[in-house]
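# Fold and geometry: a report
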Amino acid sequence: MSVRLSSPEDYEDLLEKYDTWMFDCDGVIWSGDHSIDGAIEALDMLRSRKKKVLFVTNNATKSRKKYKSKFDGLGIEAHVDEIYGSAYASAVYISSVMKLPKDQKVYVIGMSGIEDELHDEGVSFVGGTDPADCTLEPFSLANFTLDTKVGAVLCGLDMKINYTKLSKAFQYLTRNPGCQFLATNEDSTYPTSDGLLPGAGSISAPLRYALDKDPISIGKPASTMLDCIKAKVNFDPKRTIMVGDRLNTDILFGQNGGLATLLVLTGITTEQDITGQKASPIIPDYVTASIGDLLAVANSP
Ligand SMILES: O=C(O)[C@H](O)[C@H](O)COP(=O)(O)O
Ligand SMILES: [Mg+2]
């Protein structure tokens, strides 16, 4: 059963218990390009209380450096080494876990965030934002030349998805022996300030169906993201809390990592999802409406 936070003492108790605070971004810190009310002040308050703050996002559209610019633009203090995105985790996975041979490359379905992180990890890639792939022209298999050096297909949120990209990815995954099918994350939907859009999981879904095969998904709830953080940051899982808006990514990620979990209702998950007839079996430790509620401690006498 989740603890519904409400009094200043509830929030003060949370600050006493946890030294490291991991925050999901979309639906927690911001919605699209609008910060969530109270988020900036709550993060400042945590830093003033000497808490370690980390950002852990499944959104692969931006690199860590580009996210730093977004934080700056919103007036939110953040440092690149505090930001962990699924594009970064995927690049690290390909270079350090999969150890893709240097003479091979990745076919990308996705945006500049994936390309930037692959580049920074020294991984070669094709596709992505290449104008030749971002076309609505019919795909001609007769005119397609298979690049036998493509050793992996990496699929993330791609706002320019099309038949050419899906067809090329399908060729590599069915004709290049050993070509790995990877996904940055599999969120079904993407929360924006104007409403929900199809998420990264909805971009890789056509390939899953055509191939009758699931990708290796690297983002939350998989432990790969936490492994990336552990490689860079010292923290005690028992004194760490993951704050998120989606049960089957953020909260499950926290639970898989042995972290405490706080669900906020400013993004994907609604009150109905946690109390209704069809309530999810994924139960967060704590629930509150918004991270702005943490300011209750600042206002308590
Ligand atoms: O579709 C997606 O990729 C996700 O909805 C989105 O980007 C999630 O980002 P997060 O909530 O993990 O910051
Ligand atoms: Mg989110």
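Residues numbered from 1 in each chain as written. Chains lettered and ligands numbered in written order. Predicted model: local features only at pLDDT ≥ 70, side-chain atom pairs only at ≥ 80, totals over all residues. Heavy atoms only, no water.

Named according to an unreviewed UniProt entry, the chain is 4-nitrophenylphosphatase originating from Piloderma croceum. Regarding the chain, the relevant UniProt record gives this comment under Catalytic activity (unreviewed entry): "4-nitrophenyl phosphate + H2O = 4-nitrophenol + phosphate + H(+)". (UniProt positions renumbered as here; feature names shortened; annotations may be inferred.)

## Examining the domain arrangement of the chain
With domains assigned, the chain is organised as domain 1 (3-58 + 221-299) and domain 2 (89-217). A C-alpha centroid distance of 30 Å is found between domain 1 and domain 2. Listed as interface residues are 14 residues of domain 1 and, on the opposing side, 13 residues of domain 2. Contact with domain 2 buries surface across domain 1, with Asn58, Arg246 and Ile268 losing the most and accounting together for 38% of the total. (Domains from an automatic or database assignment. Contact = heavy atoms within 4.5 Å. Buried area = accessible area lost by both parts, 1.4 Å probe.)

## Here's the deal with the coordination of the magnesium ion (ligand 2)
Working reference: metal with six octahedral donors, ideal angles 90 or 180 degrees; metal with four tetrahedral donors, ideal angle 109.5 degrees. Around the magnesium ion (ligand 2), the protein contributes the donor atoms Asp24 (OD), Asp26 (O) and Asp245 (OD), at 2.0 to 2.1 Å from the metal centre. Sequence positions of the donors to the magnesium ion (ligand 2) reduce to the motif D-x1-D-x218-D. Taken together, the residues Asp24 in the loop between β2 (20-23) and β3 (30-31) and Asp245 in the loop between β14 (240-244) and α9 (247-256) connect sequence positions 221 residues apart. Owing to a relative accessible area of 2%, Asp245 belongs among the buried residues under this scheme. (Donors = N, O, S within 2.8 Å, 3.2 Å for Na, K, Ca; no water. Helix = DSSP H or I, 4+ residues; strand = E, 2+ residues; numbered from the N terminus. Buried < 20%, exposed > 50% of the residue type's maximum accessible area, 1.4 Å probe, protein only.)

## A few points about the pattern of salt bridges
All told, the structure shown has 20 salt bridges when counted by the stated rule. With a shortest N-O distance of 3.1 Å, Asp116 and Lys66 are connected by a salt bridge. With Asp116 in helix α5 (residues 112-120) and Lys66 in helix α3 (residues 64-73), this residue pair connects regions lying 50 residues apart in the sequence. A residue is classified by how much of its surface remains accessible, and Asp116, at 25% relative accessible area, is partly exposed. A residue is classified by how much of its surface remains accessible, and Lys66, at 42% relative accessible area, is partly exposed. Salt bridges sharing partners connect three or more residues here, namely Asp19, Lys51 and Arg239. (Salt bridge = Lys/Arg side-chain N within 4 Å of Asp/Glu carboxyl O.)

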